[in-house]
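If you want the building blocks of each chain, they are given just below.
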Amino acid sequence: MKRFERLSLWIALTAVFLSVAVISQWYLHTHLVVSAEGHEHAHAEGEDEHHAAEGSHAHHEEEGETGGGEPLTGVNLITNHSFEVGSLLDIYAWTPKGTGPGRSAWWEQGMSAAGYACAALEAVPSSGGSDLVWEQAITSFPRGMDLEIGAKVKTAGLKGNAFVRLSGFRAVGEGEGTILARLYLSGLKGDNDWSEMRGVVYVPRGTELLVLEAGLFGTGKVWLDSVSAVAREHLPSPPPAGVNLLENPDFSRGLQGWSLMFDPPDSAATWALEGASPAGSPAVRLWPPSSADGNNRIFLYQSVSGLEGVGGIASLSGMADARGLEGQAFLVLVFYTDEGMESSGPVALPGGNGWSPLSVDMRVPECARTAFAYLVAEGRGSALFSDVELLFLPAP
């Protein structure tokens with residue numbers, strides 16, 4: 001009898017085990033897909049060889065090395081760069097940012113520029129315009145070298161921009177730290193088949209963290225694939241003196257090259273293009289978000305990196321119209337150096353005033369790495385900006 005009971009117990013346990021195995025197999029099949037190609041793409045190209053060599057090198061931070069001691073030139077630093085490993089709402093090594101009501105991010109099978117899957121994002125018209133991205137942090141990378149950044153992007157019904165953005169930080173902790181490197185690639189809107197975005201940014205020594213974001217600003221749908229970050233020898237090319245360093249300074253291509261930021265930070269953007277500048281070019285109208293504490297500002301900004309060796313005077317100027325604003329419209333110039341941040345302070349146009357020129361000059365700080373030009377509207381209502389210019393000039 002006892003033998004029969006033991007046999008019955010063994011059969012029952014076996015049945016439970018088989019049921020769990022079947023359920024597990026079903027879950028893995030429907031929620032996590034890893035192809036042979038996907039297993040390779042889950043790691044950056046050449047990453048296994050790099051990790052194998054890490055243990056045999058002493059820790060040092062010479063130019064062109066990672067801090068782990070192993071040069072990474074010619075290696076794609078992006079993990080799961082073709083999005084081959086993932087489940088419906090989760091992609092290995094990537095994190096969605098900016099999701100919420102009407103704003104979603106997912107892993108899509110059966111559509112790709114290469115392989116069999118890609119990352120997808122969608123913001124419906126009622127969600128307003130702000131950044132919606134898939135993000136990856138990169139902690140092992142060469143310093144003192146250029147990084148060539150690339151991605152393949154497809155769009156549908158996009159009002160705003162698809163973009164790829166790389167930021168390099170010196171200090172990591174509360175906030176974003178010191179920004180030593182910045183690259184912003186944009187320009188796709190409307191409907192586009194798979195198109196390639198590509199650019200180069202210099203990563204100074206002292207950079208501790210790289211963050212790559214790929215996604216959309218505004219509303220519509222974007223698919224991402226084949227993201228790459230590959231180091232190559234740095235070829236110094238400081239910005240030319242007396243040349244406007246801003247992309248799309250008259251907004252003739254919408255917000256291409258520009259980014260938006262808000263205070264409070266969880267606000268949706270409100271902006272529009274109007275053909276209303278004194279020069280006849282389009283102007284951008286910015287509405288600060290509403291807030292209970294009165295800290296309502298909207299920042300339209302653009303950055304310039306690779307400033308090693310640049311000196312003299314930086315001059316930021318533009319036209320502003322604050323007739324529809326209870327508050328002020330202003331320009332701010334910010335530099336990030338090896339030690340931190342230096343700012344020009346705002347040059348403001350009080351609300352109620354029509355088209356007026358604004359200009360701010362400041363000496364380029366020693367060891368400047370990145371410059372940020374900000375156009376800011378603060379208060380209630382809206383302000384217009386156009387014909388913006390950022391020049392580096394010799395010191396008098």
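Below is a short write-up of the structure. (Residues numbered from 1 in each chain as written. Predicted model: local features only at pLDDT ≥ 70, side-chain atom pairs only at ≥ 80, totals over all residues. Heavy atoms only, no water.)

Details of the side chain of asparagine 248
Secondary-structure assignment places asparagine 248 in the loop between strand S9 (209-232) and strand S10 (259-263). Its relative accessible area of 2% is what places asparagine 248 among the buried residues. For asparagine 248, the contacting residues outside a window of four places in its chain are Arg253, Gly254, Leu255, Gln256 and Trp258. (Helix = DSSP H or I, 4+ residues; strand = E, 2+ residues; numbered from the N terminus. Buried < 20%, exposed > 50% of the residue type's maximum accessible area, 1.4 Å probe, protein only. Contact = heavy atoms within 4.5 Å.)

Observations regarding the pairing of S9
Counting buried positions along S9 gives 21 out of 24 residues, so the element sits mostly inside the fold. Pairing between strand S5 (residues 117-123) and S9: five bridges, direction antiparallel. Looking across to S9, one finds that glutamate 122 is bridged to lysine 221. Sheet topology places strand S6 (residues 130-138) next to S9; nine bridges connect them, and they run antiparallel. Residue pairing for S9: aspartate 131 is matched across the bridge by phenylalanine 217. Across 21 bridges, strand S7 (residues 145-169) lies against S9 in antiparallel orientation. Each bridged residue has a counterpart across the sheet, and for valine 153 the counterpart in S9 is leucine 224. (Pairing = 2+ DSSP bridges.)

Quick notes on the pairing of strand S19 (residues 368-381)
With respect to burial, S19 is a largely interior element, twelve of its 14 residues being buried. Both strand S13 (residues 297-304) and S19 contribute to a ladder of eight bridges, which runs antiparallel. From the neighbouring strand, isoleucine 298 faces S19, where its bridge partner is alanine 377.

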